[in-house]
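If you want the building blocks of each chain, they are given just below.
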Amino acid sequence: MRLIGIDVGTSSTKAIAIDGKGSILADASASYPIYQPKPGWFEQNPADWWSAVQHCLAELDAKSSDAIGITGQMHGSVFLDSRGEVIRPAMLWNDSRTVAECDEIETKVGSKRYAEITFNQPVPGLQLPKILWLRNHEPESFAKVSRILLPKDYIAFQLTGSMAADPHDASGTGCLDLVSKDWSAEILDKLNLNRKILPEIVESTQSVGSWRGVPLFLAGGDQGANGVGTGVVDSTSVGLALGSSGVTFGILDKPRYHDLETLNCFCNVPCGYHAMAVTQNCGTAIVAASEFYFDGMSASDLSNLAMTANEDSQILFAPLFSGERCPIRCPNPTHALSGHPEGDTSAELARAVFEGITFLLSDGFNQLLEICPKPSRISISGGGSASRFWVQMLADVFQLPISVLATTDGPAFGAALTAGVGIGTWDSFGGTANVIQVISTVQPIPNSLILAKYSRWRNWMDTAPFVKK
């Protein structure tokens, strides 16, 4: 048995090959640039994704595999013409140019009615406001649009010739009816959008075609696939992904809506639903802070520097480089410091960066617990999980044990497992949880210093002028 999982991420594509026991046989990756033509704009060239995926498939000799599962960054927009050609660069999940289009959605659909259909609120990161932005600002490009795909679905189209979306990733477009698991005719009609520009919905365990005879499965957006890849298939655990964005992920028995309008509720990859607290400023904030304050120091070196800092430093940091949607609303990109006593060094500032991101993640987690059952543990994944210093900080603030998994590539691993369920390697997603390998568990340490600092940080953020009240 040989299963391939592909994750078309924000900074790179990662792919792994696993066997029927979940052991990783091989891995490959290829990176590509992100373009920022204006502040708050984040774009990529879909051709870069395609080149990266082709490289990874060749490295893994994927043509000899039994099935391929594909996942990737959520919410992005790939605009295609009638020949299936890309019209303009793809707009990404962290693109914040669509504030006016979100207002347009609320005006035309109604905020309450929109929430009743999608169990979410329109925020700049979603795909739907990007579609409206193209119509409002680039009408000549919009006139050419024949189909709009999510990032990983565009790659699936390149591989199989089929245009489709799965319920999980489609939930992140902003125009899916979560109860029917189909596009909302009401939302599209009120916004004067043609249903034909959106692909058909296909369940993740249903093949959308094949590449060189190997069946291909849409394994959900990266966070849904990560839930599968980290064994978060029931309410006993919550997933925490430390990637470009930071995500806490909990299972729901039915769609639920949070009154603060900051959480996402989506269809789950296995079945049912889940809620997510998506913090836009995680890995991207570390990179941005490093470039701004530390001359481009690597994330691992920044973590090592932060480890040497005094824990009682008074520096507070708001790392909102990409704007923010959860746990707070900050439409415009910004970052801010509070307190920088003369005795503090660059180490204290480095620690404040990790603390600021941790506090954002904790606030999102606390919001999540208002609609999800409290778990007994957290499963962590993503590149940030390699920093024991950061994982310990997270455990201390969350006050829960954190399981560190054998693989940091949770989305790619989950995509491979989903493909396995699709071809019958496992009867259900419950069976896939048995192959998740935990290499260590980090226990929380009572730490009054960081908890007190967390309290001060929250009070500061409550009055910060850059946060939308």
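The rules behind the values
- Residues numbered from 1 in each chain as written.
- Predicted model: local features only at pLDDT ≥ 70, side-chain atom pairs only at ≥ 80, totals over all residues.
- Heavy atoms only, no water.
- Buried < 20%, exposed > 50% of the residue type's maximum accessible area, 1.4 Å probe, protein only.
- Helix = DSSP H or I, 4+ residues; strand = E, 2+ residues; numbered from the N terminus.
- Contact = heavy atoms within 4.5 Å.
- Phe/Tyr/Trp six-rings, centres within 6.5 Å; stacked < 30°, edge-to-face > 60°.
- Pairing = 2+ DSSP bridges.
- Axes fitted to C-alpha atoms, helices over the stretch in contact; angles between N-to-C directions.
- Polar contact = N/O pair within 3.5 Å; in protein donor to acceptor, adjacent residues only side chain to side chain.
- Arc of directions from axis to C-beta.
- Parallel < 35°, antiparallel > 145°, perpendicular 65-115°, else oblique.
- Nonpolar A, V, L, I, M, F, W, Y, C, P; charged D, E, K, R; others polar.
- Lys, Arg positive; Asp, Glu negative; His and termini not counted.
- Salt bridge = Lys/Arg side-chain N within 4 Å of Asp/Glu carboxyl O.

S.K.: What am I meant to see in helix α10 (residues 283–293) here?
M.R.: Note that an α-helix has 3.6 residues per turn; residues three or four places apart therefore point the same way. Along α10, the positions that sit buried rather than exposed are Thr-284, Ala-285, Ile-286, Ala-288, Ala-289 and Ser-290. Elements that come into contact with the buried residues of α10 comprise α11 (299–307), α12 (346–368) and α13 (388–398). Positioned one or two residues after α10, Asp-295 has a phi angle of 55°, which is positive.

S.K.: What's the story with the packing of aromatic side chains in this structure? I'm lost.
M.R.: Each aromatic ring pair is specified by the distance between its two centres and by the angle formed by the two planes. Under the counting rule described, the total for this entry stands at 11 aromatic pairs. The interplanar angle of 80° and the centroid separation of 5.8 Å between the aromatic rings of Phe-354 and Phe-389 together place this pair among those described as edge-to-face. One end of the pair, Phe-354, is in helix α12; the other, Phe-389, is in helix α13, with 35 residues separating them in the sequence. Relative accessible area serves as the criterion here: at 1%, Phe-354 is assigned to the buried category. With relative accessibility at 14%, the residue Phe-389 sits in the buried group.

S.K.: What is the right way to read the sheet that holds strand β15 (residues 237–242) from this model?
M.R.: The 7 strands lie next to each other as β17-β18-β16-β15-β21-β22-β23, forming an open sheet whose pairing is mixed. Of all strands in the sheet, those with a lone pairing partner are β17 (264–267) and β23 (438–442), marking the two edges. In this sheet, neighbouring strand axes are inclined to one another by 30° on average, regardless of whether the strands run parallel or antiparallel. Judged from the 7 bridges that link them, strand β16 (residues 246–252) and strand β18 (residues 273–279) form a sheet pairing that is antiparallel. Residue pairing in the sheet places Gly-246 in a bridge with Thr-279 of β18. Strands β15, β16 and β18 of the sheet are contacted by α12, whose axis makes an angle of about 10° with β16.

S.K.: I'm lost on the sheet that holds strand β1 (residues 3–8) in this one. Help?
M.R.: Paired through their backbone hydrogen bonds, the strands of a sheet run either parallel or antiparallel. The 6 strands lie next to each other as β3-β2-β1-β5-β14-β13, forming an open sheet whose pairing is mixed. The outermost strands of the open sheet, each flanked by one partner alone, are β3 (24–31) and β13 (209–211). For this sheet, the mean inter-axis angle between neighbouring strands, taken without regard to orientation, is 25°. Strand direction decides the pairing type here: β1 and strand β5 (residues 67–72), joined by 6 bridges, are parallel. By the bridge assignment for β5, Ile-6 is matched with Ile-70. In the packing of helix α6 (residues 151–160) onto the sheet, contacts are made with β1, β5, β13 and β14 (214–218), and the angle to β14 comes to roughly 160°.

S.K.: What should I look at first to understand the side chain of Asp-169 in this one?
M.R.: If you trace the backbone, Asp-169 turns up in helix α7 (residues 167–171). Of the polar contacts made by the side chain of Asp-169, one reaches the side chain of Lys-152; its length is 2.8 Å. Those residues in contact with Asp-169 that lie beyond four places of it in its chain are Met-74, His-75, Leu-150, Lys-152, Asp-153, Gly-220 and Gly-221.

S.K.: Just checking my understanding: could you explain helix α3 (residues 111–118) for this structure?
M.R.: The complete set of buried residues in α3 reads Tyr-114, Ala-115, Ile-117 and Thr-118. One side of α3 carries all its buried residues, which in axial view fall inside an arc of 165°. Looking at the buried positions of α3, the neighbouring elements they touch are α2 (99–109), α4 (127–137), β10 (176–177), α8 (185–190) and β17. Of the residues trailing α3, Phe-119 is marked for its positive phi of about 60°.

S.K.: What's the story with the pairing of β18 in this structure? I'm lost.
M.R.: It is a general feature of regular strands that their side chains alternate between the two faces of the sheet. The element β18 is largely enclosed, with a buried count of 7 among its 7 residues. The alternating pattern of β18 places Tyr-273, Ala-275, Ala-277 and Thr-279 and His-274, Met-276 and Val-278 on opposite faces, both of which are buried. Judged from the 4 bridges that link them, β17 and β18 form a sheet pairing that is antiparallel. Each bridged residue has a counterpart across the sheet, and for Asn-264 the counterpart in β18 is Met-276. Adjacent in sequence and paired antiparallel, β17 and β18 are bridged by 5 residues, among which Gly-272 carries a positive phi angle near 70°.

S.K.: Where do I start with the environment of Gln-314 in this structure?
M.R.: Mapped onto the elements of the fold, Gln-314 is located in the loop between α11 and β19 (316–318). On a C-alpha basis, the gap between Gln-314 and Ser-207 in space is 54 Å, while along the polypeptide they are 107 residues apart. Reaching out from Gln-314, the side chain makes a polar contact with the backbone oxygen of Asp-312 at a distance of 3.0 Å.

S.K.: Quick question: what am I supposed to make of the environment of Ser-184 here?
M.R.: Structurally, Ser-184 is set in the loop between β11 (182–183) and α8. Sequence separation between Ser-184 and Leu-159 is 25 residues; the distance between their C-alpha atoms is 28 Å. At 3.1 Å, the side chain of Ser-184 and the backbone nitrogen of Ile-187 are in polar contact.

S.K.: Any chance you could explain the packing of α2 against α4 here in plain terms?
M.R.: Geometrically, a packed helix pair is captured by the angle between its two axes and the distance between the axes. Interhelical geometry of α2 versus α4 gives an angle of 105° and a closest axis separation of 9 Å. Here α2 lies roughly perpendicular to α4, going by the angle between them. For the pair α2 and α4, the contacting residues are Glu-101, Cys-102, Glu-104, Ile-105 and Lys-108 in the first and Leu-128, Pro-129, Leu-132, Trp-133, Arg-135, Asn-136 and His-137 in the second. Split by residue class, the contact of α2 with α4 holds 6 nonpolar, 2 polar and 4 charged.

S.K.: Even after reading the chapter, I still don't get the side chain of Lys-130, so can you show me in this structure?
M.R.: Examined against the element boundaries, Lys-130 turns out to sit in helix α4. In this structure Lys-130 is buried but unpaired, with Asp-95 as the nearest side chain of opposite charge at 6.3 Å. A polar contact is formed between the side chain of Lys-130 and the backbone oxygen of Gly-125, at a distance of 2.3 Å. Other than its neighbours up to four places away in sequence, Lys-130 contacts His-75, Ser-77, Phe-79, Met-91, Leu-92, Trp-93, Asp-95, Thr-98, Pro-124 and Gly-125.

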